[in-house]
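Coordinate analysis (summary)
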Amino acid sequence: MEDHKALEELRRDESSRGAFLKMVGGAGAAGALGIFLAACGDDEEKDKAAKTGEQKPAAGPNVDAEIVNYALTLEYLEADFYRQVIDSGEITDRKIVETAKLIAQNEQEHVEALRGTAEMLGGKVAAKPKTNFDAVLAGGPDMILKTAASVENIGAAAYLGQAGRITSKEILAAALSIHTVEGRHAAVLNTLVGKSIVPDGAFAKPASMDEVLKSVQPFIAS
């Protein structure tokens, strides 16, 4: 089907990752992975397609730009969350602090690469939202780590949910590479909070735009 054209081209073309690196720069390959988190589409149309079995054709670069911008918004939230956690001093375990710093660096690289990609694709670039993690930080280390695990699991599921909608094989290659990084973040944090490293079992479950938005809405300041 047309929606899976990029997947098929990526399978056959080994130059995709190299082309992406040229497009957004060296740090971009890791950063573009954040594209996975986006689920930008007409939910009403998606529901109709699910009921009728009809597959709505992708809209090309416009869809990719929407996905990149939505992913950018989510990565803004993640990067800001880890920054606030580290600055708060609530986490005192040295190893956990170092892990948080590494994840924070990854998320910031995602932001920079996604922002550069959005600019290159043209149109409006998503602005950094105001965040509110006060309730999480006030809950202490346990609440912070549980929230971090939840956010990373949602992020990995979001990228997975958008893979079939991405039309550019270069962007898809980057999205898949970021999806892997987000999954590794989630596995580490799941271990810290006593959850399985594979909460969905052998096959990860994708998340829709509605599910992702509902999950992160409490962290966006009004």
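No experiment lies behind these values; they were computed from the predicted model shown.

**A word on the packing of helix α8 (residues 140–162) against helix α9 (residues 169–192)**
Put simply, α8 and α9 touch, their axes get as near as 8 Å, and they point 155° apart. Taken together, the axis directions place α8 and α9 in an arrangement best described as roughly antiparallel. Both α8 and α9 take part in a crossing whose hand is left-handed. Contacts between α8 and α9 involve L145, A148, A149, E152, N153, A156, Y159 and L160 from the former and A175, I178, H179, E182, G183, H185, A186, L189, N190 and L192 from the latter. Looking at the contact of α8 with α9 residue by residue, the class counts come to eleven nonpolar, five polar and two charged.

**Focus: the packing of aromatic side chains**
Summed over the entire model, instances satisfying the criterion amount to three aromatic pairs. Each ring, one from F81 and one from Y82, has its centre 5.2 Å from the other, and the planes form 65°; the classification is edge-to-face. Across the pair, exposure class does not vary: F81 and Y82 are buried alike.

**Notes on the pattern of salt bridges**
Here the structure, examined in full by the defined rule, presents three salt bridges. Measuring nitrogen to oxygen at the nearest pair gives 2.7 Å for the salt bridge that ties D80 to R83. Of the two residues, D80 and R83 both sit in helix α5 (residues 61–88), three residues apart, roughly one turn of that helix. A salt bridge links E98 to K101; the shortest N-O distance between them is 4.0 Å. You can see E98 and its partner K101 sitting in helix α6 (residues 94–121), three residues apart, about one turn around the helix. By relative accessible area, K101 is classed as partly exposed at 41%. Here the salt bridges do not stand alone but share partners, grouping D80, R83 and D87 into one network.

**Overview of α9**
For α9, spanning 24 residues, the distance from its first C-alpha to its last is 35 Å, which sits close to the expected 34 Å at 1.5 Å a residue. Downstream of α9 by a residue or two, G194 has a phi angle that is positive, lying close to 80°.

What counts and what doesn't
Residues numbered from 1 in each chain as written. Predicted model: local features only at pLDDT ≥ 70, side-chain atom pairs only at ≥ 80, totals over all residues. Heavy atoms only, no water. Axes fitted to C-alpha atoms, helices over the stretch in contact; angles between N-to-C directions. Helix = DSSP H or I, 4+ residues; strand = E, 2+ residues; numbered from the N terminus. Parallel < 35°, antiparallel > 145°, perpendicular 65-115°, else oblique. Left-handed = near helix turned anticlockwise from the far one by under 90°. Contact = heavy atoms within 4.5 Å. Nonpolar A, V, L, I, M, F, W, Y, C, P; charged D, E, K, R; others polar. Phe/Tyr/Trp six-rings, centres within 6.5 Å; stacked < 30°, edge-to-face > 60°. Buried < 20%, exposed > 50% of the residue type's maximum accessible area, 1.4 Å probe, protein only. Salt bridge = Lys/Arg side-chain N within 4 Å of Asp/Glu carboxyl O. Expected span 1.5 Å × (residues − 1).

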